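# Topology and contacts: notes
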Amino acid sequence: MGLKVGLGLMKNILKRYSKQAVRQIPQAPQRMTRVMTDSTTGIVKMEREITRNGKDALATLERMPDGTIKMTITGGDNPLWRTKTITRENGGSIWGGDKITVEKKDTKYWCHSVETKLTKEYNPKTGLEHKELTYHKNTGNETHINHKAVQDRVYDEYPLNSSASDMLKNPDESRYIKHSLDRHNNYHQFADGASTNYTKAVQAKEQAVVDAAKKAEAEALAAKEAAEKAAAELKAKQPRINISKALNRNINELAVKETKLADGTVERVFTDPESGKVLAKTQDLGLLHKEWVYGGKADMIYMKQVGSDTPYIVAKKGNYTQVDYVKSYDNWKNPDGSNHKEHISRQYYNDGQNSLERGAGGSNLYTNSTRGRVTVFDETAAMERERFPHDAKDFPDYPQLGISGGRAWYNPNLGYLTNRQIQANNFVRELDANAQQNFINLEDLYKGF
């Protein structure tokens, strides 16, 4: 196919010069075209001797594998060079047909050149619909001439030709096609003015892109809203305490059973899918929400919340009980008239004999954050009972001392209480240190990672 096209092009080129050759040299002998193929590069080269301006000349045409054609004529005048590239995009036109681009460059006298780029768009049903031509000429004396021309088919009976030969003529001479050249056009001859099949197709395609973008955006928004709604619904059915922090378990991996109680309360029980052990439970009735978490950071954590109010939380761990809530004072008003509110966070210890209350998170024993009662062994108790037999009941071996501000209470008038106070304070210090180790940051259990 490529060789036939090349030979045809060579014949057209030579035909142009044959008449001139006949006029000037009637007895010119017949000349043959030589074809040379480079199998390594795929380049096909054709040569033929011609007569140009009454003189012998050589015409050479090379076809490259990418479809580019290069022609050179030397002799008979200054050399002439021509490069032609044809690019075909299957289905590349606005109508879905082929889009063909033909680029040419002719150079002579070493510096005079003409460059053209012709783009043709085809409708797969009705053929050639649209042509665009850009033209640039360099006259060699720093003068450049530029043109841009467009032609569009209008009537079924008058198709466009596929060449650029008539695109640089006056548009008024084109009666049956729409034609523009630079700033001049013949659109006034047609009822729909500047609108063409091409512009309509472009607008339709642009609108389709806009519509597709809007549709995709709407679908993405709908998907996002659906996902958010599903996530919200799922979250509403899960404990508000962060199970990953409290139990080191993934809430989505637990089995859940939902039951509606007689009073309308919706209860959900979360269990280990393998052992069946209950790990958490929630209850919802109107604005009231309750939940229990078993194991992990504490033996049990209980939470109660009304609407979006600050929750009331109780955590039990061994001999420790920790509470966290907000207290509102009716007789203590803020400047705006609202009740003053105080965040209460307390930690309690009770082993049956000793009890301790401390501000949760407090670290200084000698503040008002720690108070309670402790029992310590009194080494002087037996001796004191002998000294004061009538008050023997006041001198037990394990007396209970009051704790206030982190110190054991004692009567400064009785010297024998001094050792007992020191022992009690040491014991309180140990209890307080142990309490800090068992402290749970309950507020953090409601936060994500």
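You'll find the structure just up there.
The following paragraphs examine the structure supplied in this document. (Residues numbered from 1 in each chain as written. Predicted model: local features only at pLDDT ≥ 70, side-chain atom pairs only at ≥ 80, totals over all residues. Heavy atoms only, no water.)

## Some thoughts on the overall build of the protein chain
Within the protein chain, the regular secondary structure consists of five helices and 23 strands. For the protein chain, the proportion of its 449 residues judged to be buried stands at 33%. Contacts in the protein chain between residues at least 24 apart in sequence constitute 36% of all its contacts with a sequence separation of at least 6. On the protein chain, roughly 27400 Å² of surface is accessible, and the fraction owed to carbon and sulfur atoms is 50%. (Helix = DSSP H or I, 4+ residues; strand = E, 2+ residues; numbered from the N terminus. Buried < 20%, exposed > 50% of the residue type's maximum accessible area, 1.4 Å probe, protein only. Contact = heavy atoms within 4.5 Å. Areas by Shrake-Rupley, 256 points an atom, 1.4 Å probe, with all protein chains shown as cover.)

## Notes on the nonpolar core
Judged by nonpolar contacts, the single largest core of 18 residues is most densely connected at Ile241, Ile243, Val293, Ile301 and Leu445. At the level of elements, α3 (243-247), β14 (278-285), β16 (298-306) and β17 (312-317) are the ones that each hand at least two residues to this core. Core analysis: the next-biggest nonpolar cluster, separate from the first, contains eight residues, Tyr320, Tyr349, Val374 and Ala435 among them. (Core = buried A, V, L, I, M, F, W, Y, C linked by side-chain atoms within 4.5 Å.)

## Describing the sheet that holds strand β8 (residues 127-138)
Read across the sheet, 11 strands follow the order β1-β2-β3-β4-β5-β6-β7-β8-β9-β10-β11 without closing on themselves; strand pairing throughout is antiparallel. Both outer strands of the open sheet, β1 (34-38) and β11 (184-185), are each paired with one neighbouring strand and no more. Two strands pair when backbone bridges link them, and strand β6 (residues 99-108) and strand β7 (residues 112-123) are joined in this way by 10 bridges, in the antiparallel orientation. By the bridge assignment for β7, Lys108 is matched with His112. (Pairing = 2+ DSSP bridges.)

## Comments concerning the pairing of β6
One ladder, built from 10 bridges, connects strand β5 (residues 80-89) with β6; its direction is antiparallel. Residue Glu89 lies in a different strand from β6, and its bridge partner there is Lys99. The hairpin formed by β6 and β7 contains three residues between the paired strands, and Tyr109 there has a positive phi angle of roughly 55°.

## What about the pattern of salt bridges?
Tallied over the full model, the rule gives 16 salt bridges. For the salt bridge of Arg346 with Glu357, the shortest nitrogen-to-oxygen distance reads 3.4 Å. With Arg346 in strand β19 (residues 339-350) and Glu357 in strand β20 (residues 355-359), this residue pair connects regions lying 11 residues apart in the sequence. What you see here is one network of salt bridges that share partners, running through Arg34, Lys45, Glu47 and Glu49. (Salt bridge = Lys/Arg side-chain N within 4 Å of Asp/Glu carboxyl O.)

## Quick word on the packing of aromatic side chains
Counted according to the given criterion, the structure contains seven aromatic pairs. Judged by centre distance (5.4 Å) and plane angle (55°), the rings of Tyr329 and Trp332 are tilted. For Tyr329, a relative accessible area of 18% gives the class buried. Taking relative accessible area as the criterion, Trp332 reaches 43% and is therefore assigned partly exposed. Here the basic side chain of Lys281 rests over the ring of Trp292, its NZ or CZ set 4.6 Å away from the ring centre. (Phe/Tyr/Trp six-rings, centres within 6.5 Å; stacked < 30°, edge-to-face > 60°. Lys NZ or Arg CZ within 6 Å of the ring centre and 35° of its normal.)

## Focus: the pairing of β17
Inspection of the sheet shows β16 paired to β17 by five bridges, in the antiparallel sense. In the strand pairing of β17, Tyr302 is matched with Val314. In this structure, the hairpin formed by β16 and β17 is closed by a connection of five residues, where Gly307 is found at a positive phi of approximately 60°. Where β17 and strand β18 (residues 320-333) come together, five bridges link them in antiparallel fashion. Along β18, the bridge assignment pairs Ala315 with Gln322. Hairpin geometry of β17 and β18 is characterised by an intervening segment of two residues between the two adjacent antiparallel strands and by a positive phi of about 60° at Gly318.

## Observations concerning a nonpolar patch on the surface
A grouping of Tyr155, Tyr158 and Tyr176 is seen on the molecular surface, where their side chains present a nonpolar patch of about 280 Å² in accessible area. Locating Tyr176 in the fold gives a position in the loop between β9 (144-153) and β10 (177-181). Residue classification places Tyr176 among the partly exposed positions, given a relative accessible area of 32%. (Patch = residues over 30% accessible without salt bridge, like charges linked within 9 Å, V, L, I, M, F, W, Y side chains within 5 Å.)

## Some details on unusual backbone geometry
With a phi angle near 55°, Asp182 is a residue other than glycine that sits in the positive phi range. Structurally, the position occupied by Asp182 is in the loop between β10 and β11. According to the relative accessible area criterion, Asp182 is partly exposed, its value standing at 40%. The residue Asn248 is not glycine, and still its phi comes out positive at about 60°. With respect to the element layout, Asn248 can be found in the loop between α3 and β12 (255-260). Classification of Asn248 by relative accessible area gives exposed; the value is 68%.

## A look at the side chain of His179
Examined against the element boundaries, His179 turns out to sit in strand β10. You can call His179 buried: its relative accessible area is 0%. A distance of 3.0 Å separates a polar atom in the side chain of His179 from a polar atom in the side chain of Ser174. Sequence-distant contacts of His179, that is, excluding residues within four places in its chain, are made with Val150, Gln151, Asp166, Met167, Lys169, Asn170, Pro171, Ser174, His184, Asn185, Asn186 and Tyr187. (Polar contact = N/O pair within 3.5 Å; in protein donor to acceptor, adjacent residues only side chain to side chain.)

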